[in-house]
Amino acid sequence: MPPKKRNSGTQRDLAKADAEVGAPSDKKQSPVLSLKKHRDKDTEFVIFCKNLLVSDLVCEQAWKLWKTIQETVNEVLEGRTKLWGACVFVTVTDLDAACFTLTQLLKAVNMNVKGFLGLVRKLDVNLDTISTKVNAAVMRLEKKFDVTLALYQRFEKTCKNIFILGSNEGNMELARSCWTLFLLAKGKALQMEDDLVISFQLLLCAMEFFIKRCPADLVQPLYKSAITVQSPPTRTSRRSQTKVKSRPPEPELDVQLLETLSKENECNADEVKNVYQTSFIAFLESLDLSKSVDLPQVNMLKQHYEEHYLQEKDFDARLFLDGDETILAPIIEITQVEKTPKKTLHGDDVVRIPPQTPIRAAMTSIQQLRGDLVSNGDRPSTNLNTYFKNCTVGPTQNVLKRLETLGQTFSQRFSEAVGPRLISTGKQRYTLGVRLYYKVMEAMLKSEEKRLSVQNFSKLLNDSKFHTSLLACALEVVMATYGESSFKSGGNGDESSESNLCFPWILNVFELSAFDFYKVIESFIKAEPTLSKEIVKHLETCENLIMEKIAWLTGSPLFELLKHEKEAGAAETPAETPANLNQPLQHNHTAADLYLSPLRPGIRVLFPESPVAPVSQAQTQLAVQPTRHLKSNSLSLFYKKLYRLAYTRLKMLCSYLLSLHPDLEPIIWTLFQHTLQHEYELMRNRHLDQLMMSAMYAIAKVKCVDLRFKTIVTAYKNMPNTKQETFKQVLISEENYDSIIVFYNQVFMQKLKTNILQYASPRPPTLSPIPQIPCSPYKFPNSPLRVPGSNNVYISPMKSTRMSPGIMTPRSRMLVSIGESFGLSNRFQKINQMVNSSDRSFKRTLDYGSSLKPLKRLRFDVDGQDEADGSKSSGDSTLIQKLAEMTSTRSRMQEQKMKEDAESKQD
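Please read all numbers here as calculations on a predicted model, not as lab measurements. (Residues numbered from 1 in each chain as written. Predicted model: local features only at pLDDT ≥ 70, side-chain atom pairs only at ≥ 80, totals over all residues. Heavy atoms only, no water.)

As a further point, take the overall build of the protein chain. When you go through the protein chain residue by residue, the secondary structure sums to 37 helices and 6 strands. By the burial criterion, 50% of the 907 residues in the protein chain qualify as buried. Taken as a whole, the protein chain presents about 44000 Å² of accessible surface, with 51% of it coming from carbon and sulfur. (Helix = DSSP H or I, 4+ residues; strand = E, 2+ residues; numbered from the N terminus. Buried < 20%, exposed > 50% of the residue type's maximum accessible area, 1.4 Å probe, protein only. Areas by Shrake-Rupley, 256 points an atom, 1.4 Å probe, with all protein chains shown as cover.)

Structure representation (structure tokens):
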């Protein structure tokens, strides 16, 4: 039920509120809300806005938003004031008119950070309630909060290991000052405050600063012995102040103490020293603390942080120290971060497994990466130099010159993104990337030598794009290991923002095309077996992002390659024959094949029949053969993977929406595949999923199946790796973007109308074959293998002993330890049932939240109509579909029960 307006007593309430807040004298000039202008609104809402000091415009827009969503939310469960707060937050973010901090808003609505941000996301029930700007702000706050929470948990634990705090109020003030100093350093030294690793290194710097300045009796023995300079007294009398000032300043950095801190916290000491010398000292100088021998004054730190916090207008991170309800996540969320399964042993066999916290996971991954590269130098190895010398044209000088130039560019752009003083940190990342680049290149060449029995790779090793792509991939691995590259706020490809390092940031830095980068990914993974499963998954996601959108941006060489293929008159498709789709994705294409693949129409690269001929000669043996056009290997493989990715996503969406119409899936796929094959220009500056949803809607219409775009988009939001921009901001014409419904009406349907109508005729087009979908094209030694004939049971080889025990801890729903007592026999029956299960359905229940009510219409539909073509939908047909789904679900439950009863009788 929508809230009832309380108009009775409005004059009295508004007058009282005016008296409490104090109306400004010059109302025309003041941005403060005027209560008299909002008599048409709920009095309590107006007073709520007044207390937050918002402007008239914010109040007006927030009220409109509230009126829009009030019928789609359950006010009883959510609370009206909380929903008002969410509406005000969305409005001020959209208008850039924030006049309060997030913490002030949280206190007004009595919620914590995670709960409130989750509520804001719930407002997007109409699919366009939350703009992309608000969504980005919410994501930034979520990530910053998660990082700050992880840092505070480690700070709290580390403080107990360093300081002897007890319950003394003065000693507790020491921890408060240290945490506040760190928050200031993080806010002032870092532009990316959600960088977990560099933030943690700054935290260790702050702790080093306090350890050597606090009284010795408050420091634990391990750290007391590590201090190389005697700690001065915390407080001095006036008589001794002159004497203290006359002392020479202590060293800026206590190396031994910092090394002890780094070792105890599994952090690389050299990186921490670098952060201290380049960023932390500069921060201390900005507060006149670099030469001080005393602890900083509490009031001074408080004042500086207040200024920073009020400027940022987000959450007050000092409240972690107080256990404030508006900042701390629910207890269960915090404990789950620390909780890992522990093996039950007896007596002396008890093994304490350290908790797999975010910081521990990051430090372990970094240690593993650095350990794998410890023997690799910053220059080519002897074996790699041998390959260079065997080339007809030596690549050494170009390789070194290119690395120097790209290194300067990378370090500069890294410091611009993370912090202006962290250019040396960028150099450290780059050095690791170069080592990995050399290592993988050598492994690739060894593999090619074994495959082709040649040692002269002149063409490949003199290809600038190959080297740049390989280096970019190595750096992407390094940044992903440090947690600096992700996909939460990046991945669009057309964003050149320097505010984060998310993929495809590295492509923008090196001015490298996504299509060239894609060529090296698979060979990189195969050449480096020590990559963790998480990093392999990261690179696979990079590849998917390239195929979904980034490779289709204007200026991509993909379009030029497709144009050449089309002009050359390729028999079936510009890239891949449909008949090959149902064949396994197995090929012998390596990075060398893809980078040396033909690029000109009507010209064939004559690779000799015998594999003995050097690769360098193969590229020179060109003959014009217009009648036998050789397709580009890089394009062919790209389309093979593109089709498989496209069908995988389509199958998932169909399982959500068309389980009662399984015959539609191959028809939709045929239209979808036809579009990618013959109308690939529709992909220019667009996303693969936009064509997928349009194809699904088109076939549903011609087959008279009641499927509205609103339903498609709602289901699409529940798919993994989706962004709301995909259906909210679709290219219509040059620099003109609108919703996917407008795209369907004005672009997709107009281009494919004739083809779409063929599926309604008695003689529809021949169906395209279904691609064979592998679990993953990337197989590596540490990858779990699926038990044949089962969907949910996997076996995994034992991990390297160098890895943290926390990583080796299983996280499955059922843990079986061979050789130990297992328990009741029914648990074996459950395992047998899992192994023998033949269910391959991708279907899952869509949980839209019990607090949300059904929508009356889709807000971005034209003229309030549900259908893209302007027709009205039938409520009866929707009801019938729901009843049919319930009947189908009931039937499946009955069949499952009968099966279980039969099995129990057999037992």
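Over its 15 residues, helix α31 (residues 688-702) extends 22 Å from the first C-alpha to the last, a length consistent with the 21 Å expected when each residue adds 1.5 Å. Among the 15 residues in α31, 14 count as buried, and that is most of the element. Taken from the residues just after α31, C704 is the one with a positive phi, measuring 60°. (Expected span 1.5 Å × (residues − 1).)

With that settled, the discussion passes to the packing of aromatic side chains. Centre-to-centre distance and the angle between the planes together describe a pair of aromatic rings. All chains considered together, the criterion is met by 42 aromatic pairs. Between Y647 and W669, the ring centres sit 5.5 Å apart and the planes meet at 75°, which makes this aromatic pair edge-to-face. Separated by 22 residues along the polypeptide, Y647 in helix α29 (residues 633-657) and W669 in helix α30 (residues 664-678) bring together distant segments of the chain. Residue class for Y647 comes out buried when judged on its relative accessible area of 5%. Looking at W669, the relative accessible area reads 0%, which means it is buried. Its guanidinium or amino end placed over the ring of F315, K144 lies 5.7 Å from that ring's centre, counting from NZ or CZ. Positioned over the ring face of Y482 is R429, at 3.8 Å from the centre of the ring. (Phe/Tyr/Trp six-rings, centres within 6.5 Å; stacked < 30°, edge-to-face > 60°. Lys NZ or Arg CZ within 6 Å of the ring centre and 35° of its normal.)

Note the cis peptide between F503 and P504, where omega equals 15°. Along the chain, P504 falls in the loop between α22 (464-481) and α23 (505-510). Of note in the backbone geometry, E511 takes a positive phi value of approximately 50° without being a glycine. When its relative accessible area of 75% is taken as the criterion, E511 is described as exposed.

The geometry of α30 relative to helix α34 (residues 740-758) is characterised by a closest axis approach of 12 Å and an angle of 120° between their N-to-C directions. Overall, the two elements α30 and α34 adopt an arrangement that is oblique. Considering how the two elements wind past one another, α30 and α34 form a crossing that is right-handed. Every residue of α34 that contacts α30 at L671, H674 and T675 is listed here: F748, L752, N755 and I756. Looking at side-chain class alone, the contact of α30 with α34 contains 4 nonpolar, 3 polar and no charged residues. (Axes fitted to C-alpha atoms, helices over the stretch in contact; angles between N-to-C directions. Parallel < 35°, antiparallel > 145°, perpendicular 65-115°, else oblique. Left-handed = near helix turned anticlockwise from the far one by under 90°. Contact = heavy atoms within 4.5 Å. Nonpolar A, V, L, I, M, F, W, Y, C, P; charged D, E, K, R; others polar.)

At a closest axis distance of 9 Å, the pairing of helix α5 (residues 80-95) and helix α7 (residues 113-122) adopts a crossing angle of 75°. In terms of orientation, α5 lies roughly perpendicular with respect to α7. When α5 is examined against α7, the residues K82, L83, G85, A86, F89 and V90 are found in contact with a partner set consisting of F116, L119 and V120. Classifying every residue of the contact of α5 with α7 by side-chain character gives 7 nonpolar, 1 polar and 1 charged.

All right, on to the side chain of N135 then. Mapped onto the fold, N135 is located in helix α8 (residues 132-162). On the basis of relative accessibility, which here comes to 12%, the residue N135 falls in the buried class. A distance of 3.0 Å separates a polar atom in the side chain of N135 from a polar atom in the side chain of R121. The residues touching N135, leaving out its near neighbours within four places in the chain, are R121, I130 and Q724. (Polar contact = N/O pair within 3.5 Å; in protein donor to acceptor, adjacent residues only side chain to side chain.)

Another aspect to go through is the nonpolar core. With 246 residues, the main nonpolar core has F116, F280, F510, F524, F638 and L653 as its most contacted residues. A per-element tally of this core places α29 first, with 15 residues. Non-local contacts of F524, meaning those with residues more than four positions away in its chain, are made with L436, V440, M444, L470, C473, A474, V477, L531 and L539. (Core = buried A, V, L, I, M, F, W, Y, C linked by side-chain atoms within 4.5 Å.)

So, about the pattern of salt bridges. If you walk through the whole model with that rule in mind, you get 31 salt bridges. Notably, a salt bridge pairs D378 with R435, separated by 2.6 Å at the nearest N-O pair. Residue D378 is located in the loop between α17 (358-372) and α18 (382-389), and its partner R435 is located in helix α20 (residues 423-452); the two are separated by 57 residues in the primary sequence. On the basis of relative accessibility, which here comes to 41%, the residue D378 falls in the partly exposed class. One continuous salt-bridge network, built from bridges that share partners, spans E522, K526, E543 and K641. (Salt bridge = Lys/Arg side-chain N within 4 Å of Asp/Glu carboxyl O.)

In regular strands, side chains alternate between the two faces of the sheet. Looking at chain direction, strand β3 (residues 730-733) and strand β4 (residues 736-738) are connected through 3 bridges and run antiparallel. Bridging from a neighbouring strand, S733 pairs with N736 of β4. Counting the residues in the hairpin turn of β3 and β4 gives 2 residues, including E735, whose phi is positive at 60°. (Pairing = 2+ DSSP bridges.)

Of the residues in the protein chain, 67% have a pLDDT of 70 or more, and the chain-wide mean is 77. Confidence over residues 799-813 falls short of pLDDT 50; this stretch has 23 contacts with residues more than four positions distant or in other chains. Here residues 873-877 is modelled with pLDDT under 50, and outside its nearest four sequence neighbours on either side it reaches 5 contacts, counting other chains as well. (pLDDT = per-residue confidence, 0-100.)

With respect to the helices and strands, T396 occurs in helix α19 (residues 396-418). Sequence-wise, T396 and N462 are 66 residues apart; in three dimensions their C-alpha atoms are separated by 9.1 Å.

Here the focus is the environment of S177. Structurally, the position occupied by S177 is in helix α9 (residues 169-189). Distance in space between the C-alpha atoms of S177 and P296 is 7.8 Å, their sequence separation being 119 residues.

This paragraph deals with α18. Buried residues of α18: L384, Y387 and F388, and no others. Projected onto a plane normal to the axis of α18, the buried residues spread over an arc of 100° and lie on a single side. Opposite the buried face of α18, by more than 90 degrees, sit the exposed residues T382 and K389. For α18, the elements touching its buried residues are α19, α20 and α21 (458-461). (Arc of directions from axis to C-beta.)

Next up on the list: the environment of T726. Here T726 lies in helix α33 (residues 725-728). Spatially, the C-alpha atom of T726 lies 9.7 Å from that of V713, the residues being 13 residues apart in sequence. Discounting residues that sit within four places of it in the chain, T726 has contacts with H687, D689, Q690, M693 and Y716.

The next subject is the state of the cysteines. A full pass over the atoms with the stated rule returns 0 disulfides. Take C205: it sits in no disulfide, and the sulfur closest to it among the cysteines is that of C267, at 9.1 Å. Since its relative accessible area comes to 0%, C205 is described here as buried. (Disulfide = S-S within 2.5 Å.)

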